Amino acid sequence: MAFAAPSFFTLANQRDVLMANMPVLIAALGMTLIVLTGQIDISIGSQFAICSVAAGLAAKSGLPLPAVALAVLLSGALLGAINGALVAWARIPSIVVTLAAMVALRDALRWATQGAWVQELPRSFQWLGLTLSAFQMVTAGIAAILFAGAAWGLRNMPAGRAVYAVGSNENTARLAGIDAARVTFWAFTAAGALTACAALLNSARFNQIPSNAGLGMELRVIAAVVVGGTAIRGGRGTVVGTLLGVILLGAIGPALTFLGISAYWEKAIQGAIILMAVATEAWPSQARTWEDGLVRDYN
Amino acid sequence: MSTLLLRATGITKTFAGVRALHAASFDLEPWEVHALVGENGAGKSTLIRIITGAETPDAGLLQVEGRVVTDHRPKVSKSLGIAAIYQQPALFPDLSVAENIALALETGGLVARHEGTWRKVDWRARNQRARELLEQVGAAIDPDRPASSLSLPEQQLVEISKAIGAKARILIMDEPTASLTESEVERLFRLIAAFRAEGRGIVYISHRLEEIFSIADRITVLRDGETVGTQYKNQITKEEVIRQMAGRELSAAFPKPRVPVGEIALEVRRLSNKRAGLSHISLHVRCGEILGLAGLLGAGRTELAETIFGLTPADSGEVLVRGKPVRIASPSQAIGYGIGYVPEDRRRHGVVIEMPIASNVSLASLRAVAPAGLIDRKAERELALRYMGQLRIRAESVQSSAGTLSGGNQQKVALARWLATGPAVLILNEPAQGVDVASKQEIHKLMVDLAGRGMAIVMISSELPEIIAMSDRIVVMRAGRIRGELSNHVSNQETTPEKILSLALGHE
């Protein structure tokens, strides 16, 4: 790659790749939390769409920017909380809950908007009323803060430890006094708010908001988390891995363009990388179950 | 003498630089029960894994009925008539008993290939076959029941049926009695005797020396991957076996607690929990006292512990901590009231195997190592180091993941977690189940020390000698109720295994 297209590695290009993927990164931070607790949320594309449209409508209604941001974050948190409550307390498998949510939210939005895009956004909304480069700085800054906060919190806060404990062994976590349901609920809620944040920053990049925003986003986000080495069964993984996953998957498309390869290959290569990631995860874990028989014996 | 069923000579196996077996030898005759003993880490499981084809030895010779085994695969081992029954039965929980048995007989290339993978399943034949096999092992189990509905002893019987159905001549039983009550053990022993009488050979692995001396013909001791020796049962004493296992002198008896008993630390009055099948439980435990909770499997002992601990909150009744009535609706509340609970089945409930020892130890006392809402890694490390030293947890470092530890050490990690919460009352569920002799003694000694320092201990145990030796008082449960209480002073000879059993069984 470095030889074939050296300009790919220029700073400007790297920045473009990173900027385009900021929303994915922010949403993927939330997904990392959910996957670490041993759950999954496939409705975040729909959540993203609702939050995007909500951001546009709030901005058009003339609310000041902080109020718009707050409203969007709260609506994202609420959507996440509904999923979280159904998984945590109603004990419905997360794949079922969020599959239903994915369809229901998407169709509700389609019905509400009649497929119309949000247009004629106030000038103060685009780029959050900043210049393009200032807006990019702000976006990157927010993403960096959220990333650092998630990395640091997972490592250093009891709540972070609880996330890993619940994902690794819910029984033991419960016996140790950790309220596993609450941990699950808050992971979904936090992920909802993060998705909303991603939607807000993404909407501000353009002057109109499509009502089908975030279509297929759940795939990109979950793929980034898995490629980043987070165990799909929970309990193991880091947000640093997720960051690398986002960068790797996000770089494929632009890299192909630079190499002059048809963009149709992007999905195929993405798929291959995901398959590899899951396979390498499956191998050591299989080794571990083999070891289970041994550990008693060769300490 | 007829040909040996099994002969392993000079078996050596190394895992990632760790020597699990070093020139170990073992043999098995027909019409024999041959016990294999050794501390955890001695190499028993590795030897079994090699015999069953799960591992390939680095060096050494394995012969089955005189033929040298060159192809080390589970399939080959199975076709040679070797079957293993593990401590934790490995049934498919969502399939019926008949299907589980059928799968064991049909897969692995034994039948499937030529009968065809796509042919229609002959359900009647399957059920019939399962019924016959279950009858043969004396199990009254409906073959249509899903495996998940079976109790542990029933699952074990299904495993044995599978082995018999596969026409195994060599049966390997790894800690088969670990979760059985005395009567179930007796039934198993009758079965083993019957197999021996048919000319089969049984490799019997257990930590319970009483059992070994009652059932085995020969005893082989493994230590640090080497065979220390093989003797006929009547040529060796228990003390000698323990000495060989440990490589050092150890007293075979449990330490006997002698501690002054203080005020009542925990009392429950007429506690009922319909969902858990408990009704009107009243009991108390005093500071410095070890209360034994005896009963058969399913008597409601674990359910009682979980109810007191807030995992399955009670419907009615009172709980008093130091005389004050409290309401415990969750484990975190129980921890707040100074109650600790070390569950049975450490792999499922005790430790988080992915997590390092340090995180496992601090898991129930995160607030203590995170005073300002942040985990103080140094404090956490020190906490773990302290307990690693105190409980003599053998591991490379506090960062080693709990999954790499032996059973005894995992149990100590689970114990450390609860000691770190500084409990006034500690409920221990089968604290020494399936751990090696040395760890068991260390755990018992620790319990005595803790009681000596004023902790109130409730010990659930299915092992009668353990419960009699350790407890100041014994409460016996049956079918969700308390059926009797026995005081257990040294001067008092009223407490006998027979007495406990008759209360537990309900024909006093």
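For the structure itself, consult the block above.
First things first, this report covers the structure right here in the doc. (Residues numbered from 1 in each chain as written. Chains lettered and ligands numbered in written order. Predicted model: local features only at pLDDT ≥ 70, side-chain atom pairs only at ≥ 80, totals over all residues.)

## Quick notes on the sheet that holds strand β15 (residues 324-326) of chain B
Residue and element names in this part refer to chain B.
And step 1. With antiparallel pairing, four strands are arranged side by side in an open sheet as β12-β11-β14-β15. Single-partner strands in this sheet number two, and they are β12 (278-286) and β15. Between one strand and the next, the sheet's axes are offset by a mean angle of 20°, whatever the strand orientation.
And step 2. Bridge analysis of strand β14 (residues 316-321) against β15 gives three bridges, and the strand direction is antiparallel. (Pairing = 2+ DSSP bridges. Helix = DSSP H or I, 4+ residues; strand = E, 2+ residues; numbered from the N terminus. Axes fitted to C-alpha atoms, helices over the stretch in contact; angles between N-to-C directions.)

## As for the sheet that holds strand β17 (residues 425-429) of chain B
In any sheet, the strands associate via hydrogen bonds between backbone groups, in a parallel or an antiparallel arrangement.
Residue and element names in this part refer to chain B.
And step 1. The sheet built from six strands is open, its strands ordered β16-β17-β18-β13-β19-β20 with mixed pairing. Of all strands in the sheet, those with a lone pairing partner are β16 (339-342) and β20 (481-487), marking the two edges. For this sheet, the mean inter-axis angle between neighbouring strands, taken without regard to orientation, is 20°.
And step 2. Judged from the six bridges that link them, strand β19 (residues 473-478) and β20 form a sheet pairing that is antiparallel. Note on β20: the bridge partner recorded for R473 is S487.
And step 3. Sheet strands in contact with helix α10 (residues 301-308) are β13 (290-295), β16, β17, β18 (456-460) and β19, and its direction is about 150° off that of β17.
And step 4. Those strands touched by helix α17 (residues 437-452) are β13, β17 and β18, and its axis lies near 150° from that of β18. (Contact = placed C-beta atoms within 7 Å.)

## Looking at the interface of chain B and chain A
And step 1. Facing 40 residues of chain B, the contacting portion of chain A comprises 25 residues.
And step 2. Breaking the side of chain B that touches chain A down by element, the ones donating at least two residues are β2 (18-28), α1 (44-51), α11 (331-336), α12 (346-350) and α16 (407-419) of chain B.
And step 3. Looking at the side of chain B that touches chain A, the element that brings in the most residues is α1 of chain B, giving four residues.
And step 4. Here the residues of the side of chain B that touches chain A are counted per class, giving 18 nonpolar, 16 polar and six charged. (Nonpolar A, V, L, I, M, F, W, Y, C, P; charged D, E, K, R; others polar.)

## With respect to the nonpolar core
And step 1. Counting residues in hydrophobic clusters, the biggest one holds 165 residues, and the most contacted among them are A27 and V72 of chain A together with I457 of chain B.
And step 2. At 16 residues, helix α9 (residues 180-203) of chain A tops the list of elements feeding residues into this core.
And step 3. Once you skip the residues sitting within four places of it in the chain, A27 of chain A turns out to touch I44, F48, L194, T195, A198, M217 and V221 of chain A.
And step 4. In this structure, L91, I101, V137 and Y204 of chain B belong to the second largest nonpolar core, which totals 70 residues. (Core = buried A, V, L, I, M, F, W, Y, C linked by C-beta atoms within 7 Å. Buried ≥ 20, exposed ≤ 12 C-beta atoms within 10 Å, placed from the backbone.)

## Quick look at helix α2 (residues 22-36) of chain A
An α-helix turns once per 3.6 residues; consequently, residues spaced three or four apart project the same way.
All names here are of chain A.
And step 1. In this model, α2 (15 residues) spans 21 Å end to end at C-alpha, consistent with the 21 Å of a helix rising 1.5 Å per residue.
And step 2. Here α2 lies mainly inside the structure; 15 of its 15 residues are buried.
And step 3. Two residues or fewer past α2, G38 is found with a positive phi of approximately 90°. (Expected span 1.5 Å × (residues − 1).)

## Topic: the pairing of strand β7 (residues 170-174) of chain B
Successive side chains on a regular strand alternate, one facing one side of the sheet and the next facing the other.
All names here are of chain B.
And step 1. The buried count for β7 comes to five of five residues, which makes it a mostly enclosed element.
And step 2. The two faces of β7 match: I170, I172 and D174 on one face and L171 and M173 on the other face are all buried.
And step 3. Judged from the four bridges that link them, strand β6 (residues 82-85) and β7 form a sheet pairing that is parallel. Within the sheet, the bridge partner assigned to I85 lies in β7 and is M173.
And step 4. Of the pairings in the sheet, the one linking β7 to strand β8 (residues 201-205) comprises five bridges and is parallel in character. From the neighbouring strand, D174 faces β8, where its bridge partner is I205.

## Re the environment of L200 of chain A
Residues and elements named next belong to chain A.
And step 1. Within the secondary structure layout, L200 lies in helix α9.
And step 2. Of the residues examined, L200 has 29 C-beta atoms within 10 Å and is grouped as buried.
And step 3. As for L200 and S94, which are separated by 106 residues in sequence, their C-alpha atoms are 25 Å apart.

## So, unusual backbone geometry
And step 1. Phi is positive for Q114 of chain A, close to 55°, though the residue is something other than glycine.
And step 2. Considering the arrangement of structural elements, one finds Q114 of chain A in the loop between α5 (94-113) and α6 (132-156).
And step 3. The exposure class of Q114 of chain A is exposed, given the 7 C-beta atoms found within 10 Å.
And step 4. In this model, R392 of chain B sits at a positive phi of 50°, which is unusual for a non-glycine residue.
And step 5. Take R392 of chain B: it is sitting in the loop between α15 (377-390) and α16.

## Overview of the packing of α2 of chain A against α9 of chain A
Residue and element names in this part refer to chain A.
And step 1. Where α2 contacts α9, the two axes come as close as 8 Å, and the packing angle between them is 175°. Taken together, α2 and α9 sit at an angle that is classed as roughly antiparallel. On α9, the residues touching M22, P23, I26, A27, L29, G30, M31, L33 and I34 of α2 are A187, F188, A190, A191, L194, T195, C197, A198, L201 and N202.
And step 2. Grouping the constituent residues of the contact of α2 with α9 by class yields 16 nonpolar, three polar and no charged. (Parallel < 35°, antiparallel > 145°, perpendicular 65-115°, else oblique.)

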